[in-house]
Amino acid sequence: MIFHNIVRMSSTRCAVCKYFRRRCPSDCVFAPYFPPDNPLRFTSVHRIYGASNIGKMLEELPVHLRADAIESLYYEAKCRIQDPVYGCVGIISLLHRQIHIAQSQLAKARVEIAFLHANVVVAETILSSGESVAQQDIIDHGLDDPSINPWFY
């Protein structure tokens, strides 16, 4: 972790150690994930989960998953602070509704495209067979003669 080395070289305390006003040990589990220049990140997560629980979660996770876990906790904490009742679930529900609306609009557009395409095909067929239609109008099929079939008249 490059950031971890930078923190140690500058001998500053991480945001967690600053918050609790304690000395930051060289093996501080929080230091790589809560930089001293972003205390809001820790206070948001601490407000929802508590420092002790965050420390326990970090110690239980493999090192390669810790950064993603902290990002997730921070995002969830921000959402919970903004919307205490629903938190992330409110955002997820909103996104699901938007996806559903977009899918129905897409389906309607596809149906309209298919309808217009079918009309174009029919129009092209009529135009290409226009000469034969004109010739059929000239042919007398005898339907106008009442002597052939008086039942229609």
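Thresholds applied
- Residues numbered from 1 in each chain as written.
- Predicted model: local features only at pLDDT ≥ 70, side-chain atom pairs only at ≥ 80, totals over all residues.
- Heavy atoms only, no water.
- Disulfide = S-S within 2.5 Å.
- Axes fitted to C-alpha atoms, helices over the stretch in contact; angles between N-to-C directions.
- Helix = DSSP H or I, 4+ residues; strand = E, 2+ residues; numbered from the N terminus.
- Parallel < 35°, antiparallel > 145°, perpendicular 65-115°, else oblique.
- Contact = heavy atoms within 4.5 Å.
- Nonpolar A, V, L, I, M, F, W, Y, C, P; charged D, E, K, R; others polar.
- Patch = residues over 30% accessible without salt bridge, like charges linked within 9 Å, V, L, I, M, F, W, Y side chains within 5 Å.
- Areas by Shrake-Rupley, 256 points an atom, 1.4 Å probe, with all protein chains shown as cover.
- Salt bridge = Lys/Arg side-chain N within 4 Å of Asp/Glu carboxyl O.
- Buried < 20%, exposed > 50% of the residue type's maximum accessible area, 1.4 Å probe, protein only.
- pLDDT = per-residue confidence, 0-100.

## Some details on the state of the cysteines
Working definition of a disulfide: a covalent bond connecting the sulfur atoms of two cysteines. Summed over the entire model, instances satisfying the criterion amount to 0 disulfides. Sulfur of C79: no disulfide; nearest cysteine sulfur belongs to C88 and is 3.7 Å away.

## As for the packing of helix α3 (residues 39-49) against helix α4 (residues 51-60)
Here α3 crosses α4 at 100°, and the two axes come no closer than 7 Å. With respect to each other, α3 and α4 are oriented roughly perpendicular. Note on element contacts: α4 touches α3 through A51, N53, I54 and M57, opposite F42, V45, H46 and Y49. In terms of residue class, the contact of α3 with α4 is built from 6 nonpolar, 2 polar and no charged.

## Points about a nonpolar patch on the surface
Residues Y75, I91 and L95 make up a contiguous nonpolar surface patch of roughly 260 Å² in combined accessible area. By the element assignment, L95 lies in helix α6 (residues 88-128).

## Regarding the pattern of salt bridges
Think of it this way: side chains of opposite charge can pair up when their charged atoms draw near. Inspection of every chain in the model, using the stated rule, returns 1 salt bridge. A salt bridge links R41 to E71; its shortest N-O distance comes to 2.6 Å. Of this pair, R41 sits in helix α3 while E71 is found in helix α5 (residues 63-82), placing the two residues 30 residues apart along the sequence. Residue classification places R41 among the buried residues on the basis of a relative accessible area of 10%.

## As for the packing of α3 against α5
Viewed as axis vectors pointing N to C, α3 and α5 meet at an angle of 70°, and their least axial separation amounts to 8 Å. Here α5 runs roughly perpendicular to α3, going by the angle between their axes. On α5, the residues that touch L40, R41, S44, V45, R47, I48 and Y49 of α3 are I70, E71, L73, Y74, E76, A77, R80 and I81. Classifying every residue of the contact of α3 with α5 by side-chain character gives 9 nonpolar, 1 polar and 5 charged.

## Focus: the confidence of the model for the protein
Residues of the protein with pLDDT of at least 70 account for 77%, and the chain-wide mean is 83. This model gives residues 1-10 a pLDDT under 50, and the stretch forms 15 contacts once residues within four places in sequence are excluded.

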